[in-house]
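Survey of secondary and tertiary structure
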Amino acid sequence: MRNPSPRTNDDALSFSSIIKSEIVALQVKKDSDKRSLAAGIIMPGVQIKGEALDVLNKIKGVLSEACEASLDLNSGARLFLRGVFLVCGYMTDPETKYRIELRPQDEQAYDVITDILATFDISWTDSKRDDIHSIYIMNGDHVADFLGIIGANNARLNFENIRIKRELKSQANRLANCDNGNAGRLAEASAKRETLIAKLLSSPEADNLPRNLYEAAIIHQENPGASIAELGKMMNPPIGKSGMNHRLTRLIEIAENL
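These lines cover the structure that appears in this document, whether it is placed above or below. (Residues numbered from 1 in each chain as written. Predicted model: local features only at pLDDT ≥ 70, side-chain atom pairs only at ≥ 80, totals over all residues. Heavy atoms only, no water.)

Comments concerning the side chain of lysine 20
Within the element layout of this structure, lysine 20 appears in helix α1 (residues 10-24). Discounting chain neighbours no more than four positions away, the residues touching lysine 20 are Glu51, Phe85, Leu86 and Gly89. (Helix = DSSP H or I, 4+ residues; strand = E, 2+ residues; numbered from the N terminus. Contact = heavy atoms within 4.5 Å.)

And the structure:
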């Protein structure tokens, strides 16, 4: 029987180990739940070792009973998915990306797992290489839901905290990029305005400018880098930002037609 390919991301193994340690410690009292958990461990058809083997050894007494595992959504299906994660599940470090991966080899197990995920409204993508199915859950909300379903509530809380920090950081970066972009556009517009107004003042057309426009052009030329609102306050008498912007816009129109 082929084993799942070994993971190369230590962070993913570390976070997966935290989840598995948490769900291994959860008590399962009802025999029907134990059978559901055992089915989740056995059905994927991969080598059973580590935490999954420890759990199976503890509940193997119920396997000899002639009773099928329950897959009801209130309990059995949750225990089944817990067993699946223990034997062939991984979670990537959420500091890097949001992804839970389940890798069953058995076709029937794949069908059961995906049916349960669909019933819980958890979206997934999949791929198959050799005999191994890979089921990927990559939506952040659905990763959190899956952790809750299998009983990894502490891991879910940790995941949500990391997710909030990442999203706040991403939002701050977007705002910074937006501010930088706006600053760049404003600087470009200001440089263009200075060039055009300087061109206008050095042309014969400057003598034909109305007094209010001429004064606005002079104030602008004498105060490079000042904002439109600041330029408006320097006018005599002072005018508002809107009024100053109107005069500068008119000056640019005249200069562009020279």
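What follows continues from the structure just given.
What about the nonpolar core?
In this structure, Ile19, Leu81, Phe85, Met91, Ile100 and Phe146 are the most contacted members of the largest nonpolar core, which totals 45 residues. Tallying contributions element by element places helix α4 (residues 76-88) first for this core, with nine residues. (Core = buried A, V, L, I, M, F, W, Y, C linked by side-chain atoms within 4.5 Å. Buried < 20%, exposed > 50% of the residue type's maximum accessible area, 1.4 Å probe, protein only.)

Some remarks on the pairing of strand β4 (residues 132-137)
For a regular strand, side chains alternate in direction, first toward one face of the sheet and then toward the other. Most of β4 sits out of view: six of its six residues are buried. In this sheet, β4 lies alongside strand β2 (residues 100-102) in antiparallel orientation, the contact comprising three bridges. Residue pairing in the sheet places leucine 102 in a bridge with isoleucine 135 of β4. Both strand β3 (residues 125-129) and β4 contribute to a ladder of five bridges, which runs antiparallel. Its bridge partner lying in β4, arginine 129 is registered against isoleucine 132. (Pairing = 2+ DSSP bridges.)

A few points about the packing of aromatic side chains
The final tally for this structure, using the stated rule, is two aromatic pairs. Their ring planes at 55 degrees and their centres at 6.2 Å tell us that phenylalanine 85 and phenylalanine 146 sit as a pair that is tilted. Pair noted here: phenylalanine 85 is in helix α4 and phenylalanine 146 is in helix α6 (residues 140-149), with a separation of 61 residues, a long-range link. With respect to burial, phenylalanine 85 and phenylalanine 146 carry one shared label: buried. With centroids separated by 5.3 Å and ring planes inclined at 80 degrees, the aromatic side chains of tyrosine 98 and phenylalanine 159 adopt a geometry described as edge-to-face. Pair noted here: tyrosine 98 is in the loop between β1 (89-91) and β2 and phenylalanine 159 is in helix α7 (residues 153-201), with a separation of 61 residues, a long-range link. Given a relative accessible area of 17%, tyrosine 98 falls into the buried group. Above the ring of tyrosine 90, the side-chain terminus of lysine 20 is found at 5.2 Å from the ring centroid. Across from the ring centre of tyrosine 98, 4.7 Å away, lies the NZ or CZ of arginine 166, which sits over that ring. (Phe/Tyr/Trp six-rings, centres within 6.5 Å; stacked < 30°, edge-to-face > 60°. Lys NZ or Arg CZ within 6 Å of the ring centre and 35° of its normal.)

Read these as geometric descriptors, not functional statements.
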